[in-house]
Amino acid sequence: MTAPMDLPDFDAHEGVHLFHDRSSGLSAIVAIHSTALGPAAGGTRFWHYADGESAVTDALRLSRGMSYKNAMAGLPAGGGKAVILADPDGTKTPMMLDAFARAVDSLGGRYITAQDVGMSEADMVSLSLVTKHVAGLPGQGGDPGPSTALGVYLGVKAAVKRALGKDSVSGVHIAVQGLGSVGGGLARRLSADGAKLTLADVDGARAAALAAELGARTVDADAILSVEADVFSPCALGAILTSDVIANLRVGAVAGGANNQLPTEAEGAALAARGILYAPDYVINGGGIISVLRTVLPGGDAEVDAKVAAIPDRLEAIWAESAATGDTPARVADRMAQKLIGR
């Protein structure tokens, strides 16, 4: 396997920690990108990867994204991410979780974990019995999905105003990809505001059920990428906006909750070249981590609400600078975040 520092997504990470526990079968990676603003905070992803290098690459990309996300959200936290390498059957045992908690604890508080794809609130409680370096426990933010969905909803409305000049999403056609906690919550909020929705999910039954609930239509998971709409909202896994996908988009804006939507900077430029407004993912989807880290915010719940409500203002500042400088929104957001973490 290629050494982490030789991978394209290694970005002067402060640490990339590989853990293996033979008795439980745990294999995990914790990537710490930056602790300039505070302990590296970011969720743990339980996922089956094709190989170890793919897992390391995911951890590197996600941890850098968390540095930028936490900085742009105004949180006193750096960026980190953990991935637990699941087997093809997704086997997860209490022994494995205990071993992972010990791994997190061995980092001495430099990394604070939380819930992410493949991990449940109950898993977080289990980890907290072994290590104190766990955020988003019940009563302390819990599942980040609803807060993420709220922030994305506010960001979509901001994108509609910027791209279409409309103060409401009523009658606006929005294509939502991925209908889990974030995408599903977003769709329900948009539907309540009168938006026209096209929905897609790899779980066709879930898409059909939500569409029936909301009076929306569905398409296959791949077909959503070429639906003609006002806004495309990717809310599944990342790296979705490839050059081929961008060439076939038929929307005026992309604003969604998925992490790492752009594989490289080139895709941000491709969106701009087509005149498609882009809402940088780690800004629009910051509501979840804001809620999860409520215990480190001196203002408590009121400060959480204020920071989530400020997501549209942060996006508008990015779009305004993009328009003034000619840089893409993705590049502007990166530059702002890098300045905040001293890079």
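Our structure's up above, just so we're on the same page.
A brief look at the structure comes next. (Residues numbered from 1 in each chain as written. Predicted model: local features only at pLDDT ≥ 70, side-chain atom pairs only at ≥ 80, totals over all residues. Heavy atoms only, no water.)

### Regarding the sheet that holds strand β12 (residues 277-278)
This is how the line gets drawn: Here, a strand pair is defined by DSSP locating no fewer than two bridges between the strands. Runs of H or I in DSSP of at least four residues are treated as helices and runs of E of at least two as strands, each being numbered from the N terminus. Residues count as neighbours in contact if any of their non-hydrogen atoms are within 4.5 Å of one another. Axes here mean lines fitted to C-alpha atoms, for a helix over just the part in contact, with angles spanning 0 to 180 degrees between N-to-C directions.
Within the open sheet, the 6 strands sit side by side as β9-β8-β7-β10-β11-β12. Their pairing is parallel. For this open sheet the edge positions go to β9 (217-218) and β12, each flanked by a neighbour on one side alone. Bridging between strand β7 (residues 173-177) and strand β10 (residues 231-234) involves 4 bridges; their strand directions are parallel. Pairing of V176 across the sheet is with S233, part of β10. Sitting on the sheet, helix α5 (residues 181-192) touches β7, β8 (196-200) and β10, and the angle it makes with β8 is about 165°. Against the sheet, helix α6 (residues 204-214) contacts β8 and β9, and its axis sits at roughly 165° relative to β8.

### Details of the nonpolar core
For clarity, the threshold we go by: Working definition of a nonpolar core: buried Ala, Val, Leu, Ile, Met, Phe, Trp, Tyr and Cys residues. They are joined through side-chain atoms within 4.5 Å. The classification of residues rests on relative accessible area computed with a 1.4 Å probe and restricted to protein chains. Under 20% of the type maximum is buried, over 50% is exposed, and intermediate values are partly exposed.
Counting residues in hydrophobic clusters, the biggest one holds 58 residues, and the most contacted among them are V156, I174, L186, L190, L197, L199 and L293. A per-element tally of this core places helix α4 (residues 145-164) first, with 7 residues. Leave out the neighbours within four places in its chain, and L186 touches A149, V152, Y153, V156, V176, S233 and C235.

### Side note on the packing of aromatic side chains
Under the convention used in this document: Classification of ring pairs rests on two measures: the distance between centres of Phe, Tyr or Trp rings, Trp counted by its six-membered ring, which must be within 6.5 Å, and the angle between planes, read as stacked under 30 degrees, edge-to-face over 60 and tilted in between. Geometrically, a lysine NZ or arginine CZ counts as sitting over a ring once it is within 6 Å of the ring centre and also within 35 degrees of the ring normal.
Throughout the structure, instances matching the rule amount to 1 aromatic pair. Stacked on the ring of F46, the Lys or Arg K92 has its end atom at 4.9 Å from the ring centre.

### Some words on the packing of helix α12 (residues 311-325) against helix α13 (residues 329-340)
What counts, and what does not: Here roughly perpendicular refers to angles of 65 to 115 degrees, roughly parallel to angles under 35, roughly antiparallel to angles over 145, and oblique to all remaining angles. With the far helix as reference, a near helix turned anticlockwise by less than a right angle produces a left-handed crossing, and one turned clockwise produces a right-handed crossing. Classes in brief: Ala, Val, Leu, Ile, Met, Phe, Trp, Tyr, Cys and Pro nonpolar; Asp, Glu, Lys and Arg charged; the others, Gly included, polar.
Two numbers describe how α12 lies on α13: the axes approach to 9 Å, and their chain directions differ by 115°. One way to sum up the angle between α12 and α13 is to call them roughly perpendicular. The two elements α12 and α13 meet at a crossing, and its hand is right-handed. Here A317, I318, W319, E321, S322 and T325 of α12 lie close against α13, whose contacting residues are P329, V332, A333, R335 and M336. For the contact of α12 with α13, the class distribution of residues is 7 nonpolar, 2 polar and 2 charged.

### Structural notes on unusual backbone geometry
Backbone geometry places A12, a non-glycine residue, at a positive phi of 50°. Inspection of the secondary structure assignment puts A12 in the segment before β1 (15-21). One non-glycine residue, N260, adopts positive backbone phi at about 50°.

### Structural notes on the environment of H13
Note the threshold: A 3.5 Å cut-off defines polar contacts: any pair of N or O atoms within that distance qualifies, except that in protein one atom must be a possible hydrogen donor and the other a possible acceptor, and neighbouring residues in sequence count only when both atoms are side-chain atoms.
Mapping H13 onto the fold places it in the segment before β1. Its relative accessible area of 7% is what places H13 among the buried residues. H13 sits 18 residues away from A31 along the chain, and the two C-alpha atoms are 7.4 Å apart. Among all residues touching H13, those that are not within four sequence positions of it are A31, I32, H33, L60, S63 and R64. Reaching out from H13, the side chain makes a polar contact with the backbone oxygen of L60 at a distance of 3.2 Å. In this structure the side chain of H13 is engaged in a polar contact, spanning 2.8 Å, whose partner is the side chain of S63.

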